[in-house]
Amino acid sequence: MTPDLRVQQALATADARGVRVVASTPEFDTAEAERVASLFGARPAGVKCPAAHFACPFGGKHVAVVRVEDRPGSGDPLAFRFLILARDLYAHLGDPFAISDRYPVDWAATGPLPELEWPKEVLPERTVEQLDSILKHGDGPLLLAAAQAIVDGNRVIVHRDAPQDTLVRELWQLVPDRTRAERWPASFAFSDELGFHFAAGPGITAAAGLATPLTEEAVRDYPSSNYELNLQIAIESGDRAALRRLLARRTLDDTIRLALYIVGFALLVAIVFRFVL
């Protein structure tokens, strides 16, 4: 079944007066966009945000891929570009950075905006060469450990005073497809209220009611486990088949659901045989 390829879009600004949606497609949920932009957090004094990205749930059936930038004006305004995708389309793609890069931003737009559409194609397959370059030229130990922590269901916050687009883009290339569909990254944020699974930001503290995130120090000391080790081996040995299997692996939730289905089916078979025999 082909997923819903429609992509809604909107622009919002945030300053001392609050958050306002200034341009959007028809029927866009402005209240939800204003809520998300507000929960992104208040900018600390003196902190700049030249360009950052994050992804998060948007209502019950959609995902927001958001680009955030400083804009000229009094009060240090921030601008938010929202791209809203159906959850099944986002699950097929999984890379919010590639999604955002597909569509240029016109920050001067106001009023009605056209609805966009994702082309009938998947994103390019991640290659051994691409991931090998990431590990060699990026912060390999942090990236591998953070990928394992996220696969294990942890949240991670690293303290940075500037957006970390490159770091988080590289990390998201190391995370399995199905995990990427259920985890929310932010290359910069001013609060933890949106429950990101990996976020960089200045002095972010854990939000009440959410699982306590790991610090960068805890991630760097995170014990090596199967996914991290096998991923590194596949990349360093150039094993393309092993890499494909790792990136296509089930999530923990998938495994639990499969186990429940098997148990349920076994109980059903037992009940049927009991009455038949």
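Below is a summary of the structure that appears in this document. (Residues numbered from 1 in each chain as written. Predicted model: local features only at pLDDT ≥ 70, side-chain atom pairs only at ≥ 80, totals over all residues. Heavy atoms only, no water.)

## Thoughts on the packing of helix H5 (residues 140–151) against helix H6 (residues 165–173)
Consideration 1: Where H5 meets H6, the closest approach of the two axes is 9 Å, and the angle between their N-to-C directions is 60 degrees. One way to sum up the angle between H5 and H6 is to call them oblique. As for the relative orientation of H5 and H6, their crossing is right-handed in sense. Residues Leu142, Leu143, Ala146, Ala147 and Ile150 of H5 touch H6, and the partners they reach there are Leu167, Glu170, Leu171 and Trp172.
Consideration 2: Class assignment of the residues belonging to the contact of H5 with H6 gives a composition of 8 nonpolar, no polar and 1 charged. (Axes fitted to C-alpha atoms, helices over the stretch in contact; angles between N-to-C directions. Helix = DSSP H or I, 4+ residues; strand = E, 2+ residues; numbered from the N terminus. Parallel < 35°, antiparallel > 145°, perpendicular 65-115°, else oblique. Left-handed = near helix turned anticlockwise from the far one by under 90°. Contact = heavy atoms within 4.5 Å. Nonpolar A, V, L, I, M, F, W, Y, C, P; charged D, E, K, R; others polar.)

## Side note on the environment of Glu117
Consideration 1: Summarising the element assignment, Glu117 is placed in strand S7 (residues 116–117).
Consideration 2: Here the alpha-carbon distance between Glu117 and Val7, two residues 110 residues apart in the chain, equals 5.3 Å.
Consideration 3: Residue contacts for Glu117: discarding those within four places in its chain leaves Leu5, Val7 and Tyr103.

## Here we look at the pattern of salt bridges
Consideration 1: All told, the structure shown has 19 salt bridges when counted by the stated rule.
Consideration 2: Between Asp15 and Arg20 there is a salt bridge, with its nearest N and O atoms 3.4 Å apart.
Consideration 3: The closest approach of N and O atoms between Lys136 and Asp132, which form a salt bridge, is 3.0 Å. Here the residue Lys136 and the residue Asp132 both occupy positions in helix H4 (residues 128–137), the gap between them amounting to 4 residues, near one helical turn. (Salt bridge = Lys/Arg side-chain N within 4 Å of Asp/Glu carboxyl O.)

## Remarks on the environment of Leu131
Consideration 1: Counting through the fold element by element, Leu131 comes out in helix H4.
Consideration 2: Remark: the alpha-carbon pair of Leu131 and Glu236, spanning 105 residues in sequence, is separated by 9.4 Å.
Consideration 3: Ignoring sequence-local partners within four residues, the contact set of Leu131 consists of Gln173, Leu174, Ile235 and Leu243.

## Regarding unusual backbone geometry
Consideration 1: In this model, Glu27 sits at a positive phi of 65 degrees, which is unusual for a non-glycine residue.
Consideration 2: Within the secondary structure, Glu27 is located in the loop between strand S2 (18–24) and helix H1 (30–39).
Consideration 3: The exposed category is assigned to Glu27, whose relative accessible area is 81%. (Buried < 20%, exposed > 50% of the residue type's maximum accessible area, 1.4 Å probe, protein only.)

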